[in-house]
Amino acid sequence: MFRRTLLGTAAVALGLSLAGAAFAQDKLKVGFIYVGPVGDGGWTYQHDQGRLAVEAEFGDKVETVFQENVPEGADAERVLTQMALGGADIIFTTSFGYMDQTNAVAAKFPDVKFEHATGFKREHPNVSTYDARFYEGRAVMGTIAGHMTKSGKIGYIGSFPIPEVIQGINSSFIHAKKINPDVTISVVWAYTWFDPAKEADAAKALIEQGVDVILQHTDSTAPLAEAAKTPGVIGFGQASDMTEYKPSPRVSAIIDNWAPYYIKRVGALLDGTYEQSAAWEGIAGGEVEIGEITDAVPAEVKAAAEKMRDDIAAGTYHPFTGPINKQDGSVWLADGVVAQDGELAGMNFYVEGITGDIPQ
Amino acid sequence: MELFGGINPAVLIASLMVAAVPILLAAIGELVVEKAGVLNLGVEGMMIMGAICGFVAAVESGSPLVGFIGGALGAAALSLIFAFLTQVLLANQVATGLALTLFGLGLSSLIGQGYVGIKPPLTGEVPFGPLADIPVIGTILFQHDWMVYASIAVIAAVWAVLRYTRTGLIIRAVGESHDAAHALGYKVIRIRVLAIMFGGAMAGLGGAYISLVRVPQWTDGITAGAGWIALAIVVFASWKPWRVLVGAYLFGGITVLQLNLQAAGARIPVEYLSMSPYLITILVLVIMSADKSRAALNAPAALGRNFHASR
Amino acid sequence: MLILEKRPSPSRFWQGATPVLAVALTMIAGGVMFAILGKNPFEAIRTIFWDPVFGEFAWYFRGQLLVKAGPLILIAVGLSLGFRAGIWNIGAEGQYIMGAIFGAAVGLAFYPASGWFIFPLMVLAGGFGGWLWAMIPAILRTKFRTNEILVSLLLVYVAQSILSSMALGALRNPEGGGFPGSRNLSQYPAAANPEIIAGSGMHWGVVAAFIAVIAAYVLLQRHILGFHIRLAGQAPRAARFAGVSPDRLVVLCMGISGALAGLAGLFEVSGPAGQISIDFASGYGFTAIIVAFLGRLNPLGILLAGLLMALTYVGGDNASTNLGLPSASIQAFQGMLLFFLLAVDLLSNYRIKFLLKERA
């Protein structure tokens, strides 16, 4: 059913001719390239859960392969080429830093589908991109934070000042402020995606400043463990559900759930309806999942958060709806205007009310 | 009492004491190793082995104490590979140490595959009762888990042993001149192997502290470079136990302070502040080594050289 | 009992035979590990050692071996000079990063101009950046007797901070939509370091590595500086009597190794990696230390050690994708290989004797 030429233009460019270049395969081979180890408990772990979901969904019809800890650079290009040579039919590249490599290898293997996470370059017809609207989940977290904070101070542990993280900070702040107009947000940049000890210190520093709700955009449970030491401080699971900190301090979670997207794309390839796409799904598509809101929050807060979630899912509410001013007071979105995806994708400013500068 | 924008110095000191425990333990272990004339650059590998072995032992037994013992044993076992290669087979210490780190990172990840996303048993605070409620002093001194005190006790013990006991004298003699020590009838190799194992055990304790108290969870690469910092601290301390304490607290302190300054809303260039601990350590190194009489004299003379008893 | 007797000079036979023996021992120990992990050990060993060189897709992987080995060899050759003289530069990783930053900055400053002179200028800037970064520990050691192991190591972390601030700030691609990372130099012809023959893996960095091997060989064998380096390492006091200035040697050795590491960074950033990104540094500087020792600090040995190391990376990645081996097992496997190589080294310097009676 799946016939593909084994070597694309790579072989042509090399002037090599290989006999038996085409052969029939009975299974669809699905490849994944991970930036971290499967055991990171966060970003890569969730992608791998998605891979397992693909296996569970399609059983014998697919075969999955993956490579963990692939550095972004020459190694990524080699591993991608290796997977394509090895007969993969579709390859998911799960880190922003694989963008140019994905497109470069895609040019050499026009019959292999490439899916690049969180990027924006689709230079060839066989390259699609996908991302998740994490800021939708942040809106729900912000709502809970606005209700729950007694000190009026919420903290945010940021990794790197990139648009995705800034969207999250802005979305959390806007929605907390809607509930509690006096709320302030303290942002600590850890300059790492993953350094548990540093994340714990960051959480501790925030708590020391009177913060009683901590949001994090780094992947370890260390901030939750730190929050657990101080009564009255709450936090949220990040990337994975982090259920081991239920019911408090983890009162809810923002879960990266890639399974629906992976199943959809692999399924489309299996039944022949696959097309190039640029997916940016959120709560509605299932990519962003809100972890169980525990009884540590009052029922009306839970209801408000769930309403927010459901409104976003139904498409009746967009977290970035005007009036919203930028930090300097200039108008960003007029009353009722909804942010364009393009603006969001390149977001590099704080909204009004957040103090401090984004490191440049 | 406020330093800047609401940073409480007492709490700052209390948190840096906790932050410094892993590097403190690893560094004091490495200090003994280097005093015996051996340079083991595999601290990071031993720490992460301690982190996973300690985590597994604690989760399986339900006891943090068993966890710490397991961490120390696991890392000491790994250090035996280094001891065998460098002491018996006379391999180059720098290369062996680096290989040990590579191996330790890989092995720990293999062992830890079933332990992601589990919460280890809680290591409790030492109950000091009313002492803990004394302002400032109570916060700094009496609100920690027992490993914080244990780490300081280890420093004191190493200092006392090196300075006042025969064992300490032998260790130092072996590190200064293995040929002379051999001539005096000391078993150079045996002493060095024991020192290496002690270093491994301490690195393992430090690693276990990360996975059991600081974070507490298991994930690949959890030590995130702490072992390298421990190595730096030994030299920073010019091979003196109490200065290891100062170095570890200084280093932990700068890291904690920069995060606190951010949390307090100080307008500081974060990306430059995050390199400040390293720059300040270099600066202190320069100041200390510029005083020619001191640092150079403290370095064990036989550091990094292998011993072979030729006839 | 067994005793060791030092050979008057290293055994030529064992110098050649030990690496083979070490690889054989690693195959056995590694095979046991792979078997414990439930994989076919023979298949795993074949995938790692045989397939990249002689397997079905060797035409691709042979070139990739050069891509991987090039920077390792270039850095290791530089380091070996210092190591021979007892000068311990273990911060090559930082010098590699700084070389890449300096070189990339020069290239990006000219964007989008074209001109034959741009790439050579970048090469100069790359070498200069590495040299400059290595001069810090060198000067501190000569002026203040500060330990160069520590300073060079600490400067790695400083360089990494500078790298992320460059990727997020000064060198960020203005057309990248706010994402971190510079423009892709490999897509800017005047600044690119492409493969000289397509598909061969040969880029200018690999050429530079070969030149460095030859130059180091000539230097050590024929030049007075080489003699001084060897003398300073083997007999420091004799070297002083012979008029070798230790300070001059420190500055020279650190400078050469820094410049070569900087060049490696430049060739990597303008070629295989393509851009300055947060995760640009992938540990070549540290791995090169191991390569230098595996090659016994001998330029030709380093050439072979670099290729062997590259083989374990490329073959290891293949094994981990094709056989589903965790990448951690490949790391452990590499560790074993190093242990065995270091262990059997004993045989070339010592003779093992059996004594029947214990000596008094």
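Residues numbered from 1 in each chain as written. Chains lettered and ligands numbered in written order. Predicted model: local features only at pLDDT ≥ 70, side-chain atom pairs only at ≥ 80, totals over all residues. Heavy atoms only, no water.

1. Overview of the sheet that holds strand β5 (residues 90-93) of chain A
Hydrogen bonds between backbone atoms are what pair the strands of a sheet, whose relative direction is either parallel or antiparallel.
Residue and element names in this part refer to chain A.
Line of reasoning, step 1. The sheet built from six strands is open, its strands ordered β4-β3-β5-β6-β7-β13 with parallel pairing. Unpaired on one side and paired on the other, β4 (62-67) and β13 (278-281) mark the two borders of the sheet. In this sheet, neighbouring strand axes are inclined to one another by 20 degrees on average, regardless of whether the strands run parallel or antiparallel.
Line of reasoning, step 2. Two strands pair when backbone bridges link them, and strand β3 (residues 28-33) and β5 are joined in this way by four bridges, in the parallel orientation. From the neighbouring strand, Phe 32 faces β5, where its bridge partner is Phe 92. (Pairing = 2+ DSSP bridges. Helix = DSSP H or I, 4+ residues; strand = E, 2+ residues; numbered from the N terminus. Axes fitted to C-alpha atoms, helices over the stretch in contact; angles between N-to-C directions.)

2. Considerations on the packing of aromatic side chains
Line of reasoning, step 1. Applying the stated criterion across every chain yields a total of 40 aromatic pairs over all chains.
Line of reasoning, step 2. Ring geometry for Tyr 130 of chain A versus Tyr 262 of chain A: centroids 5.7 Å apart, planes at 80 degrees, classification edge-to-face. One end of the pair, Tyr 130 of chain A, is in strand β7 (residues 127-132); the other, Tyr 262 of chain A, is in helix α9 (residues 259-271), and 132 residues separate them in sequence.
Line of reasoning, step 3. You can call Tyr 262 of chain A buried: its relative accessible area is 0%.
Line of reasoning, step 4. Cluster of aromatic residues (ring-pair linked, three or more members): Phe 32, Tyr 34, Trp 43, Phe 66, Phe 92, Tyr 130, Phe 134, Trp 258, Tyr 261 and Tyr 262 of chain A.
Line of reasoning, step 5. Here the guanidinium or amino end of Lys 326 of chain A rests over the ring plane of Phe 349 of chain A, the centre of that ring lying 4.5 Å away.
Line of reasoning, step 6. Lys 68 of chain C extends its terminal NZ or CZ atom over the ring of Tyr 313 of chain C, reaching a point 4.7 Å from the ring centre. (Phe/Tyr/Trp six-rings, centres within 6.5 Å; stacked < 30°, edge-to-face > 60°. Buried < 20%, exposed > 50% of the residue type's maximum accessible area, 1.4 Å probe, protein only. Lys NZ or Arg CZ within 6 Å of the ring centre and 35° of its normal.)

3. As for the packing of helix α10 (residues 226-236) of chain B against helix α6 (residues 148-168) of chain C
Line of reasoning, step 1. Look at α10 of chain B against α6 of chain C: their axes get within 10 Å of each other, and the N-to-C directions meet at 140 degrees. Like other packed secondary-structure pairs, α10 of chain B and α6 of chain C cross with a definite hand, here left-handed. On the side of α10 of chain B, the interface is formed by Trp 228, Leu 231, Ala 232 and Val 235 of chain B, while α6 of chain C contributes Leu 150, Leu 153, Leu 154 and Tyr 157 of chain C.
Line of reasoning, step 2. Looking at the contact of α10 of chain B with α6 of chain C residue by residue, the class counts come to eight nonpolar, no polar and no charged. (Left-handed = near helix turned anticlockwise from the far one by under 90°. Contact = heavy atoms within 4.5 Å. Nonpolar A, V, L, I, M, F, W, Y, C, P; charged D, E, K, R; others polar.)

4. Remarks on the environment of Ala 106 of chain A
Residue and element names in this part refer to chain A.
Line of reasoning, step 1. Along the chain, Ala 106 falls in helix α4 (residues 99-108).
Line of reasoning, step 2. With 20 residues separating them in the primary sequence, Ala 106 and Asn 126 have C-alpha atoms 6.7 Å apart.
Line of reasoning, step 3. Look past the residues within four positions of Ala 106 in its chain and what remains in contact with it is Phe 114, His 124, Asn 126 and Val 127.

5. Examining a nonpolar patch on the surface
Residue and element names in this part refer to chain B.
Line of reasoning, step 1. A cluster of nonpolar side chains, Leu 131, Ile 134, Val 136, Ile 137 and Leu 141, forms an exposed patch at the surface whose accessible area comes to about 370 Å².
Line of reasoning, step 2. The topology assignment puts Leu 141 in helix α5 (residues 137-141).
Line of reasoning, step 3. Taking the relative accessible area as the measure of exposure, Leu 141 reaches 38% and is therefore partly exposed. (Patch = residues over 30% accessible without salt bridge, like charges linked within 9 Å, V, L, I, M, F, W, Y side chains within 5 Å. Areas by Shrake-Rupley, 256 points an atom, 1.4 Å probe, with all protein chains shown as cover. Salt bridge = Lys/Arg side-chain N within 4 Å of Asp/Glu carboxyl O.)

6. Section: the interface of chain B and chain A
Line of reasoning, step 1. With 32 residues of chain B at the interface, the matching set in chain A holds 33 residues.
Line of reasoning, step 2. Both faces considered, chain B and chain A share a buried interface measuring about 2,700 Å² in area, 54% of it formed by carbon and sulfur atoms.
Line of reasoning, step 3. On the chain B side of the interface with chain A, the three residues burying the most area are Arg 214, Leu 259 and Ala 263 of chain B, jointly 21% of the side's total.
Line of reasoning, step 4. Between chain B and chain A we count one salt bridge in total.
Line of reasoning, step 5. A salt bridge links Asp 201 of chain A to Arg 214 of chain B, with the nearest nitrogen and oxygen atoms 3.0 Å apart.
Line of reasoning, step 6. For the interface between chain B and chain A, the tally reads five residue pairs in polar contact (both at pLDDT 80 or more). (Buried area = accessible area lost by both parts, 1.4 Å probe. Polar contact = N/O pair within 3.5 Å; in protein donor to acceptor, adjacent residues only side chain to side chain.)

7. As for the sheet that holds strand β9 (residues 184-189) of chain A
Residues and elements named next belong to chain A.
Line of reasoning, step 1. As summarised here, the arrangement of the six strands in space is β9-β8-β10-β11-β12-β14, forming an open sheet in which the pairing is mixed. One side of each edge strand has no neighbouring strand; the edge strands of this open sheet are β9 and β14 (288-291). Taken over all neighbouring pairs, the strand axes of this sheet differ in orientation by 15 degrees on average, direction set aside.
Line of reasoning, step 2. Pairing geometry for strand β12 (residues 250-256) and β14, over four bridges, is antiparallel. Residue pairing in the sheet places Ala 253 in a bridge with Gly 291 of β14.
Line of reasoning, step 3. Contacting β8 (153-158), β10 (213-216), β11 (234-239), β12 and β14, helix α5 (residues 134-148) crosses the sheet at an angle of about 170 degrees to β12.

8. Some points on unusual backbone geometry
All names here are of chain A.
Line of reasoning, step 1. Residue Lys 246 is joined to Pro 247 through a cis peptide bond whose omega torsion reads -10 degrees.
Line of reasoning, step 2. Mapped onto the fold, Pro 247 is located in the loop between β11 and β12.
Line of reasoning, step 3. Here the bond from Gly 322 into Pro 323 is cis, since omega is 5 degrees, no more than 30 degrees from zero.
Line of reasoning, step 4. Inspection of the secondary structure assignment puts Pro 323 in the loop between α10 (299-314) and β15 (324-325).
Line of reasoning, step 5. Positive phi is not limited to glycine here, since Thr 118 has a value of about 65 degrees.
Line of reasoning, step 6. Given the relative accessible area of 7%, Thr 118 is considered buried.

9. Details of the confidence of the model for chain B
Line of reasoning, step 1. Averaged over every residue, the pLDDT of chain B is 85; residues scoring 70 or more account for 93%.
Line of reasoning, step 2. Of all the helices and strands in chain B, helix α14 (residues 295-298) of chain B carries the lowest mean pLDDT, 54, while helix α2 (residues 43-61) of chain B carries the highest, 95. (pLDDT = per-residue confidence, 0-100.)

10. Observations regarding the interface of chain C and chain B
A common measure of how large an interface is: the accessible area buried when the components associate.
Line of reasoning, step 1. Listed as interface residues are 39 residues of chain C and, on the opposing side, 41 residues of chain B.
Line of reasoning, step 2. Both sides of the chain C and chain B interface together cover about 3,700 Å² of buried area, and 81% of this is carbon and sulfur.
Line of reasoning, step 3. For chain C, the biggest contributors to the area lost against chain B are Leu 154, Tyr 157 and Phe 339 of chain C; these three give 17% of the whole.
Line of reasoning, step 4. Along the contact surface separating chain C from chain B lie zero salt bridges.
Line of reasoning, step 5. Elements with a contribution of two residues or more to the side of chain C that touches chain B: β1 (2-6), α5 (118-144), α6, α11 (284-294) and α13 (327-344) of chain C.
Line of reasoning, step 6. Here the side of chain C that touches chain B is composed, by residue class, of 27 nonpolar, eight polar and four charged.

11. Section: the pattern of salt bridges
Line of reasoning, step 1. As enumerated under the stated definition, the model contains 20 salt bridges over all chains in all.
Line of reasoning, step 2. Asp 317 of chain C is the salt-bridge partner of Arg 78 of chain A, the closest N and O atoms lying 2.3 Å from each other. Within this pair, whereas Arg 78 of chain A is found in helix α3 (residues 74-85), its partner Asp 317 of chain C is found in helix α12 (residues 299-323), the two belonging to separate chains.
Line of reasoning, step 3. The exposure class assigned to Arg 78 of chain A is buried, which follows from its relative accessible area of 2%.
Line of reasoning, step 4. Looking at Asp 317 of chain C, the relative accessible area reads 16%, which means it is buried.
Line of reasoning, step 5. Put simply, Glu 226 of chain A and Lys 229 of chain A hold a salt bridge, and the shortest N to O gap is 3.6 Å.
Line of reasoning, step 6. Residue classification places Glu 226 of chain A among the buried positions, given a relative accessible area of 5%.
Line of reasoning, step 7. For Lys 229 of chain A, a relative accessible area of 48% puts it in the partly exposed group.
Line of reasoning, step 8. When salt bridges with common partners are traced through the structure, they connect Asp 75 and Arg 78 of chain A together with Lys 68 and Asp 317 of chain C into a single cluster.

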